[in-house]
Amino acid sequence: MDSREDDGGEPLSRMAEWRDVTPLPQDDGPNPVVPIAYKEEFRETMDYFRAIYKADERSPRALRLTRRAIHLNPGNYTVWHFRRLVLEALNADLDEELDFLQRIANSNSKNYQLWHHRRWVVERLGANARAKELNLIKKILSLDAKNYHAWSHRQWVLQALGGWEDELDYCQQLLEEDIFNNSAWNQRYFVVTRSPFLGGLKAMRASEVRYTVEAILANPNNECPWRYLRGLYKDDIKALVNDPEISSVCLKVINTKNNYVFALKMLLDLLCHGFQPCHEFRDSVVALRTSDTDPLDPELSMAICDILEHVDSLRASYWIWRKNKLPVAAV
Amino acid sequence: MAELAVDKHVKYILSVEKNKDSFESVVMDHLRMNGAYWGLTALDLLGKLDSVNVDEVISWILKCQHESGGFSGNIGHDPHILYTLSAVQVLALFNKLDVLDIDKLDITGLQNEDGSFSGDMWGEVDTRFSYIAICCLSILCCLNKINVEKAVSYILSCKNLDGGFGCTPGGESHAGQIFCCVGALALTGSLHYVDKDLLGWWLCERQVKSGGLNGRPEKLPDVCYSWWVLSSLIMIDRVHWIDKEKLVKFILDCQDVENGGISDRPDDAVDVYHTYFGVAGLSLLNYPGLKAIDPAYALPVDVVNRIFFSG
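As recorded in an unreviewed UniProt entry, chain B goes by Geranylgeranyl transferase type-2 subunit beta and comes from Gossypium australe. The UniProt entry for chain B carries the following comment under Subunit (unreviewed entry): "Heterotrimer composed of the alpha subunit RGTA, the beta subunit RGTB and REP; within this trimer, RGTA and RGTB form the catalytic component, while REP mediates peptide substrate binding." Per UniProt, chain B carries the Catalytic activity (unreviewed entry) text "geranylgeranyl diphosphate + L-cysteinyl-[protein] = S-geranylgeranyl-L-cysteinyl-[protein] + diphosphate".

Labelled according to an unreviewed UniProt entry, chain A appears under the name Protein farnesyltransferase/geranylgeranyltransferase type-1 subunit alpha, originating from Gossypium australe. Its UniProt record gives chain A the following Function (unreviewed entry) comment, quoted word for word: "Essential subunit of both the farnesyltransferase and the geranylgeranyltransferase complex. Contributes to the transfer of a farnesyl or geranylgeranyl moiety from farnesyl or geranylgeranyl diphosphate to a cysteine at the fourth position from the C-terminus of several proteins having the C-terminal sequence Cys-aliphatic-aliphatic-X." Comment text from UniProt for chain A, heading Sequence similarities (unreviewed entry), reads "Belongs to the protein prenyltransferase subunit alpha family."

Caption draft 1: Local environment of the overall build of chain B. Along its length, chain B carries 13 helices and 2 strands. For chain B, the C-alpha radius of gyration of 18 Å lies close to 19 Å, the compact-globule estimate for 311 residues. Along the first, second and third principal axes, the C-alpha atoms of chain B reach 50 × 45 × 40 Å. Burial status across chain B gives 64% buried among its 311 residues.

Caption draft 2: Structural view of the pattern of salt bridges. Inspection of every chain in the model, using the stated rule, returns 36 salt bridges over all chains. Put simply, Asp235 of chain A and Lys234 of chain A hold a salt bridge, and the shortest N to O gap is 3.4 Å. By relative accessible area, Asp235 of chain A is classed as exposed at 73%. Judged by its relative accessible area of 48%, Lys234 of chain A is partly exposed. Two residues, Lys291 of chain B and Asp302 of chain B, come together in a salt bridge whose shortest N-O distance is 2.8 Å. Of this pair, Lys291 of chain B sits in the loop between helix 12 (272–284) and strand 1 (293–294) while Asp302 of chain B is found in helix 13 (residues 301–309), placing the two residues 11 residues apart along the sequence. A residue is classified by how much of its surface remains accessible, and Lys291 of chain B, at 26% relative accessible area, is partly exposed. Take Asp302 of chain B: its relative accessible area is 37%, and that puts it in the partly exposed class. Overlapping salt bridges bring together Arg230, Lys265, Asp269 and Arg322 of chain A as one network.

Caption draft 3: The arrangement of the packing of helix 11 (residues 244–253) of chain B against helix 12 of chain B in detail. Residue and element names in this part refer to chain B. Direction vectors running N to C along helix 11 and helix 12 enclose 155°, while the axes themselves pass 10 Å from each other. Comparing their axes, helix 12 and helix 11 come out roughly antiparallel. Remark: the crossing between helix 11 and helix 12 carries left-handed chirality. Contacts from Val248, Ile251 and Leu252 in helix 11 reach Gly278, Gly281 and Leu282 in helix 12. Tallied by class, the residues present in the contact of helix 11 with helix 12 amount to 4 nonpolar, 2 polar and no charged.

Caption draft 4: Representation of the layout of surface pockets. Of the volumes computed, that of the second largest pocket is approximately 1000 Å³. Around the second largest pocket sit 39 residues that line it, and Arg230 of chain A together with Leu161, Gly163, Asp195 and Leu198 of chain B are the ones nearest its centre. Broken down by secondary-structure element, the contributors of at least two residues to the lining of the second largest pocket are helix 9 (182–194), helix 11 (223–232), helix 12 (237–242), helix 14 (261–272) and helix 17 (316–324) of chain A together with helix 9 (196–204) of chain B.

Caption draft 5: Quick look at the environment of Phe82 of chain A. All names here are of chain A. Among the structural elements, Phe82 can be located in helix 3 (residues 77–90). The exposure class assigned to Phe82 is buried, which follows from its relative accessible area of 0%. Note: C-alpha distance between Phe82 and Asn255 (173 residues apart in sequence) is 62 Å. Apart from the residues lying within four places of it in its own chain, the contact partners of Phe82 are Phe49, Ile52, Tyr53, Asp56, Glu57, Ala62 and Thr66.

Caption draft 6: The arrangement of helix 13 of chain B in detail. All names here are of chain B. Among all positions of helix 13, only Val303, Val304 and Ile307 are buried. Angular distribution of buried residues about the axis of helix 13 spans 100°; they occupy a single face of the element. On the buried face of helix 13, the contacting elements are helix 3 (32–45), helix 5 (81–93), helix 6 (127–139), strand 1 and strand 2 (299–300).

Caption draft 7: View of the interface of chain B and chain A. Each side of the interface is counted separately: chain B has 54 residues, and chain A has 49 residues. Buried surface at the junction of chain B and chain A, both sides included, amounts to about 4800 Å², of which 54% is carbon and sulfur. Of all residues in chain B, Trp122, Leu161 and Trp201 of chain B give up the largest surface area on contact with chain A, accounting jointly for 18% of the area buried on that side. Linking chain B with chain A are 3 salt bridges. The closest approach of N and O atoms between Arg315 of chain A and Glu205 of chain B, which form a salt bridge, is 3.2 Å. With 4 residues, helix 9 of chain B is the largest single contributor of residues to the side of chain B that touches chain A.

Caption draft 8: Just the confidence of the model for chain A, in detail. Residue and element names in this part refer to chain A. Confidence in the prediction of chain A, expressed as mean pLDDT, is 90, and 92% of residues score 70 or more. The least confident element of chain A is helix 1 (residues 37–54), whose mean pLDDT is 85; the most confident is helix 9, at 98. Counting contacts from residues 29–37, a segment whose pLDDT is below 50, to residues more than four positions away or on other chains yields 10 contacts.

Caption draft 9: View of the environment of Gly231 of chain A. Inspection of the secondary structure assignment puts Gly231 of chain A in helix 11. Judged by relative accessible area, which is 2%, Gly231 of chain A ranks as buried. With residues up to four places along the chain from it excluded, the contact list for Gly231 of chain A reads Tyr189 and Leu201 of chain A together with Leu161 of chain B.

What counts, and where the lines are drawn
- Residues numbered from 1 in each chain as written.
- Chains lettered and ligands numbered in written order.
- Predicted model: local features only at pLDDT ≥ 70, side-chain atom pairs only at ≥ 80, totals over all residues.
- Heavy atoms only, no water.
- UniProt positions renumbered as here; feature names shortened; annotations may be inferred.
- Helix = DSSP H or I, 4+ residues; strand = E, 2+ residues; numbered from the N terminus.
- Rg over C-alpha atoms; globule rule 2.2 N^0.38 Å.
- Buried < 20%, exposed > 50% of the residue type's maximum accessible area, 1.4 Å probe, protein only.
- Salt bridge = Lys/Arg side-chain N within 4 Å of Asp/Glu carboxyl O.
- Axes fitted to C-alpha atoms, helices over the stretch in contact; angles between N-to-C directions.
- Parallel < 35°, antiparallel > 145°, perpendicular 65-115°, else oblique.
- Left-handed = near helix turned anticlockwise from the far one by under 90°.
- Contact = heavy atoms within 4.5 Å.
- Nonpolar A, V, L, I, M, F, W, Y, C, P; charged D, E, K, R; others polar.
- 1 Å grid on protein atoms, 1.4 Å probe; cavity = no way out; pocket = protein on both sides within 12 Å on 5 of 7 lines; lining within 4 Å.
- Points joined across faces, edges and corners; volume = space filled by probe spheres on them.
- Arc of directions from axis to C-beta.
- Buried area = accessible area lost by both parts, 1.4 Å probe.
- pLDDT = per-residue confidence, 0-100.

Shown next as structure tokens:
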């Protein structure tokens, strides 16, 4: 973190422009001197901040002081709040502010105040800032592709200012980089269901199912695409049960005899909703039986629960519960 | 298996409170109210709340209250709903809610037209603030001051395909946000809107091989999720779906048994935040010797009972 971009980190008490200000220490009892330089700078900066905040001084030097305070501790929301008041009063260049925020985000991107402030800035800049902002967020996501704040902010930018056109490609790119990235799957769902250009969930379903099935076959132990698949059939469980692509991906994964927990779970869900399996399904499930499991239940749903209780032992109680609530039709 | 080092943790929490010049406490200066809630609630669960000076704490809390009625994270900072809830919770711990002028506390004004809540005058919206507002008002027995129906419908608009909840509509499911949403729904008698089996399955998938819980798929386990995930599972009555013994072991493995305190993962540095979540998680798991904690109010059960049943 570079707190020295304006003033070289020189103590404020030695700078001419602060000579007229008396620093105001935190009022919570005795404040012994802290023997480390960084802490000293931090404490001094905050003491000066309290003084100008109390005097409500909305000046260029106040803006510089908030910048210094933010560099030292970006979590202090009162400093951010005051900075907005100063920016407004000075009618400051908000493009520059965006660049400043980007530098902070590069080193400390998990901070609510920063992102809230950023939204405030972008709101004022309006649609002109859209392309730049979407690009800047990409840069932050390239450092941490699951940054919750950055995603939340990105969704807001898309809804407030637009820029949906390239978003599905962007999700695609991120998933190519890491197919286990649940944030990118979530964003994909967000785009597919909300983009004004794609025609909605039903129009996108067939191509999305194809994409998801491929992702599953490449990594069957990835919970994200399995959940995404369910999401594609939101409120339409019948279509899920009747789509041969769904049961077939389950079968393919089970036949590999590896990483089949989610495939069995999906097959169990299908069976519970009326899926009629051909004998191939039963054979594949029977083939999973290892020597140390008890003989499999003749009923397929029961057999699946028994296997899962065994191989997914952390969640054994869940699978026992599933077994106990199997609908009569499935048993 | 190791045991909970109760005395060490008590000592650690008390030392954090006293040590105002440590680097941690300087940086946490602005959120000291949250720190007070974490430390004091953990102390109460450990049965040692009587080791702090009540009058000192209460007088400091009242100095953090502003004209608007809201509280700030420390003296001289701006009020925010995040700190208002912590202040109200700490007052509840000490049975001092009567020092509050409830009419002065303007939470109603933070509710937006769509039912959501903002955190302060700057208008940041997040389902965290829905929970905080609802929890605060519920503790003060005045939920009728807001439009509960709209608040619930906003939370439900943040429900995802996996049964979980995000910070705003479309936001990714995250265990912390799920706690807030499920907690708010529990406190408003609206849990019937939760798809309990679907969400319960997502939540129990958060348990990883080490026994710890993560907050999202493919993320590392962290002791704080022992609270966010576990309390949510309890509220929707699905906590028996995870392996509790392994989770207890994971939390105990995160203790600093020499100097006290609990960290996010084994062998990391301890802090008061994870110490609270570790102790609270163990309390939810009925660990012997700890007071029971209420999963929705995030306060000891006897404190909640005192609020609602002491008439």
